[in-house]
Amino acid sequence: MQKNSDINIVNAISPIGQQPEPSEVAAKPKIALIGAGGTISTRSTQGSLDLVNYMTDGVTMHVDELVQALPQVHAIADIVAVKFRAVSSTSIAFEEWKALTQTVDQIAATQPDVDGVVILHGTATMEETAYMLHLTCKVNIPIVLVGAQRPLSALSSDAPLNLLNAVRVAGHAQTRGMGVLVCLNDEIHAAREVTKASTARLHAFRSPDFGIIGQIDAGEVAFYRQPLRRWGPNSQFDIRDMKQLPRVDIAYAYAGDDGAVIRALVNTGAKGIVIAAFAGGRLSTAQTSACREAQHKGVVIVLSTRAGSGKAMIDAQLQSMGMVAADNLNPQKARILLALSLSQTNDPEQLKHIFASY
Ligand SMILES: NC(=O)CC[C@H](N)C(=O)O
């Protein structure tokens, strides 16, 4: 896909069709839509049965085009379309996270009447972007990430209703105070817990252990619980002026693991390694030795698990080595929290406190 590096706030798009009554206008929230690419922003050139090739051969739609294709959204909100970078989320990294944070800041500063922000994003790394923004965005307005499993050009695309629902959630009064949210398939997930757990099902996004925090049925948004851990305005992390994050990699444990991946990552220059350890937070003897070598070279080791849910528990031996548990963060989210933390400290006690707080 083409990369468009312009960050450009486009004028509010006028509603198509009949103008609503003034009283309706006053009641409608104003929502900024930031187009960051992914399936939701891509159209196939191979017809309605293409569910795979569109990411390489397809046409990127900017957010204003998408809104033109979804006039129903104007009954729900006044839309401000914001051009960002249309990329596959497999290419999203620190540079995009920083630019997204700055873009959200810019919207909040220049358009104080904007009630919420929706970010259109690929699903592959949506959970990582959501958690990064959750930990670092300082604005008080809701931020909702939305994607799709099937492009707008496909049969039974989930793109239109997902987008409509995300706008509903971003404009809903109760959404303030929930942190960054992810909204697909009529469900609302908290950024800290959500993960993509299926390749192609519409019900791909899940929040293991705790479940969704809300849902949208027949256009009605309903919340049932609220995240408690530290985030956003109350967080110690801020990437707006950072040049880069300390390098943190992930080592996935497997039967017969001889520690080679951990050693290779140390040689690559990792400052921290998150291990997707065996369930419960366990390592092979050879991995433990490789971790000890890594720690002698100053590399911080955080244990998450490959189990898909539950807390990583660290036994006394690994604790005495100064390893830090990722709590119940999955490896890719633990990587984000560790990278942010390492920009401030590599003290195991402080890191333990951070992993217990965020
Ligand atoms: N459904 C999707 O958005 C996944 C495909 C896409 N490559 C992405 O993550 O950006």
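Residues numbered from 1 in each chain as written. Predicted model: local features only at pLDDT ≥ 70, side-chain atom pairs only at ≥ 80, totals over all residues. Heavy atoms only, no water.

Can you help me understand the pairing of strand β7 (residues 143–146) in this one?
Side chains on a regular strand alternate between the two faces of the sheet. Burial of β7 is two-sided: the residues Ile143 and Leu145 facing one way and the residues Val144 and Val146 facing the other way are all buried. The β-α-β motif built from strand β6 (residues 116–120), the intervening helix α5 (residues 126–136) and the parallel element β7 has right-handed crossover chirality. Taken together, the two bridges between β7 and strand β8 (residues 181–184) define a ladder with parallel strand orientation. Within β8, the residue paired with Leu145 across the bridge is Val182. In this fold, the crossover linking β7 to β8 by way of helix α6 (residues 159–170) has left-handed handedness. (Buried < 20%, exposed > 50% of the residue type's maximum accessible area, 1.4 Å probe, protein only. Helix = DSSP H or I, 4+ residues; strand = E, 2+ residues; numbered from the N terminus. Right-handed = clockwise from strand over helix to strand, strands pointing away. Pairing = 2+ DSSP bridges.)

Where do I start with the UniProt feature "domain: L-asparaginase N-terminal" (unreviewed entry) in the protein chain in this structure?
Feature annotation in UniProt assigns "domain: L-asparaginase N-terminal" (unreviewed entry) to the following positions: residues 30–228. Overall, residues 30–228 shows 25% helix and 26% strand. The separation of its end C-alpha atoms is 27 Å. (UniProt positions renumbered as here; feature names shortened; annotations may be inferred.)

Would you explain the sheet that holds strand β16 (residues 300–305) in this entry?
Strand pairing in a sheet relies on backbone hydrogen bonds, with the paired strands running either antiparallel or parallel. One open sheet holds the four strands; their spatial order is β14-β15-β16-β17, and the pairing between them is parallel. One side of each edge strand has no neighbouring strand; the edge strands of this open sheet are β14 (248–252) and β17 (324–325). With six bridges connecting them, strand β15 (residues 272–277) and β16 associate as parallel partners. The partner of Ala277 across the bridge, within β16, is Thr305. Relative to β14, helix α7 (residues 260–268) is tilted by about 165°, and along the sheet it contacts β14 and β15. Sheet contacts for helix α10 (residues 331–342): β14, β15 and β16; angle to β15, the most-contacted strand, approximately 160°. (Contact = heavy atoms within 4.5 Å. Axes fitted to C-alpha atoms, helices over the stretch in contact; angles between N-to-C directions.)

Got a minute to help me understand the site of the ligand in this structure?
Within the structure, the ligand sits among Gly38, Thr39, Met55, Ser88, Ser89, Gly122, Thr123, Ala124, Ala148 and Gln149. Between the ligand and Thr39 there is a distance of 2.9 Å, counted from a nitrogen atom to a side-chain nitrogen or oxygen. Within the backbone of Ala124, an N or O atom sits 2.9 Å from an oxygen atom of the ligand. (Near = heavy atom within 4 Å. Polar contact = N/O pair within 3.5 Å; in protein donor to acceptor, adjacent residues only side chain to side chain.)

Would you mind going over the UniProt feature "active site" (unreviewed entry) in the protein chain with me for this structure?
UniProt tags Thr39 as "active site" (unreviewed entry). Of the residues examined, Thr39 reaches a relative accessible area of 9% and is grouped as buried. Ignoring anything within four residues of it in the chain, the contact list for Thr39 reads Tyr54, Met55, Gly122, Ala148, Gln149, Arg150 and Pro151.

Whenever I open this one, the environment of Asp315 confuses me. Can you help?
Among the structural elements, Asp315 can be located in the loop between β16 and α9 (316–320). Through-space distance from the C-alpha of Asp315 to that of Gly281 is 8.2 Å; in sequence the pair is 34 residues apart. At 2.9 Å, the side chain of Asp315 forms a polar contact with the backbone nitrogen of Leu318.

Got a minute to help me understand the nonpolar core in this structure?
One broad rule of soluble globular proteins: the nonpolar side chains tend to lie buried together. Counting 34 residues, the largest nonpolar core has Leu33, Val118, Leu120, Leu163, Val167 and Val169 as its most contacted members. If you tally residues by element for this core, the top one is α6, at seven residues. Contacts of Leu33, omitting those with residues within four sequence positions, involve Val63, Val67, Ile79, Val80, Ala81, Val82, Val118, Leu120, Leu163 and Val167. Membership of the second largest hydrophobic core comes to 29 residues, among which are Met132, Ala339, Leu342 and Leu351. (Core = buried A, V, L, I, M, F, W, Y, C linked by side-chain atoms within 4.5 Å.)

I keep staring at the packing of aromatic side chains and nothing clicks. Help me out?
A ring pair, where both rings are aromatic, is described by two values, the distance of the centres and the angle of the planes. Under the counting rule described, the total for this entry stands at one aromatic pair. Taking 5.1 Å as the distance between ring centres and 50° as the angle between the ring planes, the aromatic pair formed by Phe237 and Tyr358 counts as tilted. Residue Phe237 is found in the loop between β13 (220–223) and β14, and its partner Tyr358 is found in the segment after α11 (348–357); the two are separated by 121 residues along the sequence. According to the relative accessible area criterion, Tyr358 is buried, its value standing at 1%. Here the basic side chain of Arg85 rests over the ring of Phe84, its NZ or CZ set 5.5 Å away from the ring centre. (Phe/Tyr/Trp six-rings, centres within 6.5 Å; stacked < 30°, edge-to-face > 60°. Lys NZ or Arg CZ within 6 Å of the ring centre and 35° of its normal.)

Is there a simple way to explain the packing of α5 against α10 in this structure?
It is the contact of α5 with α10, at a shortest axis distance of 9 Å, that shows an interaxial angle of 35°. The handedness of the crossing between α5 and α10 comes out as right-handed. Contacts between α5 and α10 pair Glu127, Glu128, Tyr131, Met132, Leu135 and Thr136 from the former with Gln332, Lys333, Ile336, Leu337 and Leu340 from the latter. Its residues assigned to classes, the contact of α5 with α10 shows six nonpolar, two polar and three charged. (Left-handed = near helix turned anticlockwise from the far one by under 90°. Nonpolar A, V, L, I, M, F, W, Y, C, P; charged D, E, K, R; others polar.)

For this particular structure, what's the right way to read the packing of α10 against α11?
If you want to describe how two helices pack, look at the angle between their axes and the distance between the axes. Across the interface, α10 lies against α11 with an axial gap of 11 Å and an inter-helix angle of 135°. Classed by the angle they form, the pair α10 and α11 counts as oblique. The chirality of how α10 crosses α11 is right-handed. For the pair α10 and α11, contact is made by Ala334, Leu337, Leu338 and Ser341 and by Leu351, Ile354 and Phe355, respectively. (Parallel < 35°, antiparallel > 145°, perpendicular 65-115°, else oblique.)

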